[in-house]
Amino acid sequence: YQRLILMDKNYRGNASQFFIAGELCRRGYSAVVTLGNTPNTDILCSNLEGTKFVHIQVKTFVPSNKTCSVGKKAEKNYGDNFFWILGGIPRPGDETNFIYYIIPSPIISKNVTRIHQNWLDTPARDGSKHNETTMRTVDIPPYKIRQENLRWDLSEYENRWDLIEAKLK
């Protein structure tokens, strides 16, 4: 059973990269899935002339989930031509729509760092201190977060393909 869950996660992650690359191609850009051969870049996308590029890191989640795992590297600002795309890919047979959050690296870096530090500074439910971890998560709308200092509204980044398109003009 654990193997099936892991396989599902791997397949869905791969599928997400191809769905996103396909959407970029549909919009008139050249998008190449790196198949793990490029550190920190899942998709390399350029204008058709090949004169402007963006790097894309893809993270996949199930649309009904409340969070998307991004890991510690989301705290690093890779620059203005680097984007994170959180791809909500429904399970087979699920009628949920695909959903994409297109987030510039400086924005995700600032917010993931801030929220993780606030989480570390906030005592756990039992009053104990949270321990450092390499795991970082982003809350997916709609959400109900108890603490204001742990909130970041991703809604403004839903389907913001225009942010990538602006870098490729």
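Our subject is the structure listed above.
A brief look at the structure comes next. (Residues numbered from 1 in each chain as written. Predicted model: local features only at pLDDT ≥ 70, side-chain atom pairs only at ≥ 80, totals over all residues. Heavy atoms only, no water.)

**Concerning the overall build of the protein chain**
Point 1. Summing up its helical and strand segments, the protein chain has three helices and seven strands in all.
Point 2. Relative to its length of 169 residues, the protein chain is compact, with a C-alpha radius of gyration of 17 Å against a globular reference of 15 Å.
Point 3. In the protein chain, the proportion of contacts linking residues at least 24 apart, taken out of those at least 6 apart, comes to 58%. (Helix = DSSP H or I, 4+ residues; strand = E, 2+ residues; numbered from the N terminus. Rg over C-alpha atoms; globule rule 2.2 N^0.38 Å. Contact = heavy atoms within 4.5 Å.)

**A few points about the nonpolar core**
Point 1. Core analysis: the largest hydrophobic core is formed by 19 residues, its most contacted members being Ile-20, Leu-24, Ile-43, Cys-45, Ile-56, Ile-85 and Ile-164.
Point 2. Elements represented by at least two residues in this core include exactly helix H1 (2-26), strand E1 (30-33), strand E2 (43-46), strand E3 (53-61), strand E5 (82-88), strand E6 (99-104) and helix H3 (161-168).
Point 3. Setting aside residues no more than four positions away along its own chain, Ile-56 makes contact with Leu-24, Thr-41, Asp-42, Ile-43, Cys-45, Phe-83, Ile-85 and Ile-164. (Core = buried A, V, L, I, M, F, W, Y, C linked by side-chain atoms within 4.5 Å. Buried < 20%, exposed > 50% of the residue type's maximum accessible area, 1.4 Å probe, protein only.)

**Comments concerning the pairing of E2**
Point 1. Where E1 lies against E2, four bridges are found, and the strand directions are antiparallel. Directly across from Val-32, in E2, lies its bridge partner Leu-44.
Point 2. The hairpin turn running from E2 into E3, its antiparallel successor, is six residues long, and Gly-50 in that turn takes a positive phi close to 75°. (Pairing = 2+ DSSP bridges.)

**Structural notes on the packing of aromatic side chains**
Point 1. All told, the structure shown has five aromatic pairs when counted by the stated rule.
Point 2. One aromatic cluster in this structure is built from Tyr-78, Phe-82 and Trp-84. (Phe/Tyr/Trp six-rings, centres within 6.5 Å; stacked < 30°, edge-to-face > 60°.)

**Digging into unusual backbone geometry**
Point 1. Phi at Asn-40 takes a positive value of approximately 65°, unusual for a residue other than glycine.
Point 2. Summarising the element assignment, Asn-40 is placed in the loop between E1 and E2.

**Regarding the environment of Phe-61**
Point 1. Locating Phe-61 in the fold gives a position in strand E3.
Point 2. Residues Phe-61 and Arg-12, 49 residues apart in the sequence, show an inter-C-alpha distance of 8.5 Å.
Point 3. Residues contacting Phe-61, with those up to four places away along its chain left out, are Arg-12, Thr-67, Cys-68, Leu-86, Gly-87, Gly-88, Ile-89, Ile-99, Tyr-101 and Ile-140.

**What to know about helix H2 (residues 105-121)**
Quick reminder: α-helices carry 3.6 residues per turn. Residues three or four places apart thus point the same way.
Point 1. Look at H2: 24 Å from first C-alpha to last across 17 residues, which is about the 24 Å you get at 1.5 Å a residue.
Point 2. Buried within H2 are the following residues: Ser-105, Ile-108, Ser-109, Asn-111, Val-112, Ile-115, His-116, Asn-118 and Leu-120.
Point 3. Elements in contact with the buried residues of H2: E5, E6 and strand E7 (137-139). (Expected span 1.5 Å × (residues − 1).)

**What about empty space enclosed by the protein?**
Point 1. Within this structure, the stated rule accounts for one cavity of 30 Å³ or more.
Point 2. In this structure, the largest cavity encloses a volume near 50 Å³.
Point 3. Every residue lining the largest cavity is listed: Val-112, Ile-115, Thr-137, Val-138, Asp-139 and Trp-152.
Point 4. Of all elements in the fold, only H2 and E7 reach the threshold of two or more residues within the lining of the largest cavity.
Point 5. The greatest single-element share of the lining of the largest cavity, amounting to three residues, is contributed by E7.
Point 6. In terms of residue class, the lining of the largest cavity is made up of four nonpolar, one polar and one charged. (1 Å grid on protein atoms, 1.4 Å probe; cavity = no way out; pocket = protein on both sides within 12 Å on 5 of 7 lines; lining within 4 Å. Points joined across faces, edges and corners; volume = space filled by probe spheres on them. Nonpolar A, V, L, I, M, F, W, Y, C, P; charged D, E, K, R; others polar.)

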